[in-house]
Amino acid sequence: MRNHAMFRASMLLLFLAAGGQALAAEFVIVGPRQMGMGGAGVSITTDALATYWNPAGLAMTQTVDIRIVGGGQVIDRAGIANAVNDLENFNTSDTSAANIAKAQDIANRINTPGANTSFNGAAGLYLKGHFGEHAFGFNISDVPTGGSYLSVPVSVSCSPNPNCSGSNNSVSISGAAAVRMLEARQAAFSYAYAFADKTFSIGLTAKVMQGAAYNGTQNLSGGQDIKLRDSLGKATITTTYGIDLGAIYRPSSWLRFGVVAKDINQPEFDSPDGSKIKLGPQVRGGMALNPYSSLTLSADVDMTSNKTLVPGVKSQVLSLGAEQTILTEFLSFRIGAFKNMQDATTPFTPTAGLGLRIFAFRLDLGGGYDFREQGALASGSVSMTF
């Protein structure tokens, strides 16, 4: 009874945290296994990456895990990447009617409502250990999120003659885009404890966070290279802390439920423009089924609608995935898909991944591709698990 009461109390805290709304963050897919399974990781992650996904997962297995992970995701909305590529390759010296029409087409595509980009990533060293039913983890990681959106509409003009007549004229396409990014560098320590023969587990992660906030402008000009990274400007640095809580319930050997609330203390970071970037609680739930020992089916869903650094863009993701292992986990095959439920126009993005295990050594790769918007994500890791 006491264990059940403690678990119910931890679940209550997590759902109370769901009442807030994230103000400038999204749930980044960290790790190739989770990426290959469509971004589902709350109930299945029991290795060192549980320090990110759900600290309660650390106590569900008694292993030592050392893991190096890197990955990233780029989202292209409304074909903005192709339009910008055409802008870079535009011939400004051609004043023919056809080229002027091409210039206007490029401007119209860039000016399309909702045309923007988002990007995120993660890289770090993750560690896990245990002492009986007590488990602990540590990570040093960097999780950047950001995006770019139109700040000055793109226009077309001719100079010096606005009518584009004469031999010395040129066609100008010009505008500007805002580029924003928050780089969350963190050192995190996690603790978890399992109850009732691992029927329940609860966990906590405390993070020391150094936020590097960027707020820059990229000029958009026809015939010129556009490099968003060079336009970020100088970072404003803020040091603060974050708290994550997680819980897992395993009513049987083939079924698990998990929930995690990240940044429940709502850490704030200074922005170069004098404003504040506030991270509200991100709450995500998940479940996993094992129809048989070598097959895992998983699903995650964001319980909060998370605002991002791109105005008007919210993130609330549904993730679905499956993993089939063969030859005692020598090989793992993964497939999945995810969808941002806050964007009705986007389809499910398919993902896939592969894992190789040779004794304690593990190599994992995962990725996905949005065939309509041409967004892509990829991740890889190497680890030793004992």
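Our subject is the structure that appears above.
All values reported here derive from a predicted model rather than from experimental measurement.

This brings us to the overall build of the protein chain. Per the secondary structure count, the protein chain includes 5 helices and 18 strands. Relative to the 2.2 N^0.38 estimate, which gives 21 Å for 386 residues, the radius of gyration of the protein chain is 23 Å and therefore close to what a compact globule would have. Across the 386 residues that make up the protein chain, the buried fraction comes to 52%. Across the protein chain, the fraction of contacts at a sequence separation of at least 24, relative to all contacts at a separation of at least 6, is 65%. Carbon together with sulfur atoms contributes 61% to the accessible area of the protein chain, which is approximately 16,600 Å² in total.

Looking now at the packing of helix α4 (residues 80-88) against helix α5 (residues 97-110). Packing of α4 against α5 leaves a shortest axis separation of 9 Å and a crossing angle of 145°. Crossing of α4 over α5 shows left-handed handedness. Between α4 and α5, the residues in contact are Ile 80, Asn 82, Ala 83, Asp 86 and Leu 87 and Ile 106, Arg 109 and Ile 110, respectively. When grouped by side-chain class, the residues that make up the contact of α4 with α5 number 5 nonpolar, 1 polar and 2 charged.

On to the pairing of strand β18 (residues 376-385). For a regular strand, side-chain orientation follows a simple rule: the groups alternate between the two sheet faces. In β18, alternate side chains face the same way, and those of Leu 377, Ser 379, Ser 381, Ser 383 and Thr 385 are buried while those of Ala 376, Ala 378, Gly 380, Val 382 and Met 384 on the opposite face are not. Both strand β1 (residues 65-76) and β18 contribute to a ladder of 10 bridges, which runs antiparallel. From the neighbouring strand, Gln 73 faces β18, where its bridge partner is Leu 377. Two strands pair when backbone bridges link them, and strand β17 (residues 361-369) and β18 are joined in this way by 9 bridges, in the antiparallel orientation. Counterpart to Arg 362 in the pairing with β18 is Ser 383. What sits between the antiparallel neighbours β17 and β18 is a turn of 6 residues, in which Gln 374 has the positive phi angle 65°.

Here the focus is α4. All buried positions along α4 are accounted for by Ile 80, Ala 83, Val 84, Leu 87 and Glu 88. One side of α4 holds all its buried residues, which, seen down the axis, span an arc of 140°. For α4, the elements touching its buried residues are β1, α5, β2 (116-131), β4 (170-195) and β5 (200-221).

Further remarks concern the packing of aromatic side chains. In the structure shown here, the tally under the stated rule is 6 aromatic pairs. Here Tyr 52 and Trp 53 contribute two aromatic rings whose centre-to-centre distance is 5.6 Å and whose plane-to-plane angle is 85°, an arrangement assigned as edge-to-face. When the centroid spacing of 5.2 Å and the interplanar angle of 15° are considered together, the rings of Phe 200 and Tyr 249 count as stacked. Residue Phe 200 is located in strand β5, and its partner Tyr 249 is located in strand β6 (residues 236-252); the two are separated by 49 residues in the primary sequence. Classification of Tyr 249 by relative accessible area gives partly exposed; the value is 31%. Sitting over the ring of Tyr 52, Lys 262 keeps its end group 4.0 Å from the ring centre.

What counts, and at which threshold
Residues numbered from 1 in each chain as written. Predicted model: local features only at pLDDT ≥ 70, side-chain atom pairs only at ≥ 80, totals over all residues. Heavy atoms only, no water. Helix = DSSP H or I, 4+ residues; strand = E, 2+ residues; numbered from the N terminus. Rg over C-alpha atoms; globule rule 2.2 N^0.38 Å. Buried < 20%, exposed > 50% of the residue type's maximum accessible area, 1.4 Å probe, protein only. Contact = heavy atoms within 4.5 Å. Areas by Shrake-Rupley, 256 points an atom, 1.4 Å probe, with all protein chains shown as cover. Axes fitted to C-alpha atoms, helices over the stretch in contact; angles between N-to-C directions. Left-handed = near helix turned anticlockwise from the far one by under 90°. Nonpolar A, V, L, I, M, F, W, Y, C, P; charged D, E, K, R; others polar. Pairing = 2+ DSSP bridges. Arc of directions from axis to C-beta. Phe/Tyr/Trp six-rings, centres within 6.5 Å; stacked < 30°, edge-to-face > 60°. Lys NZ or Arg CZ within 6 Å of the ring centre and 35° of its normal.

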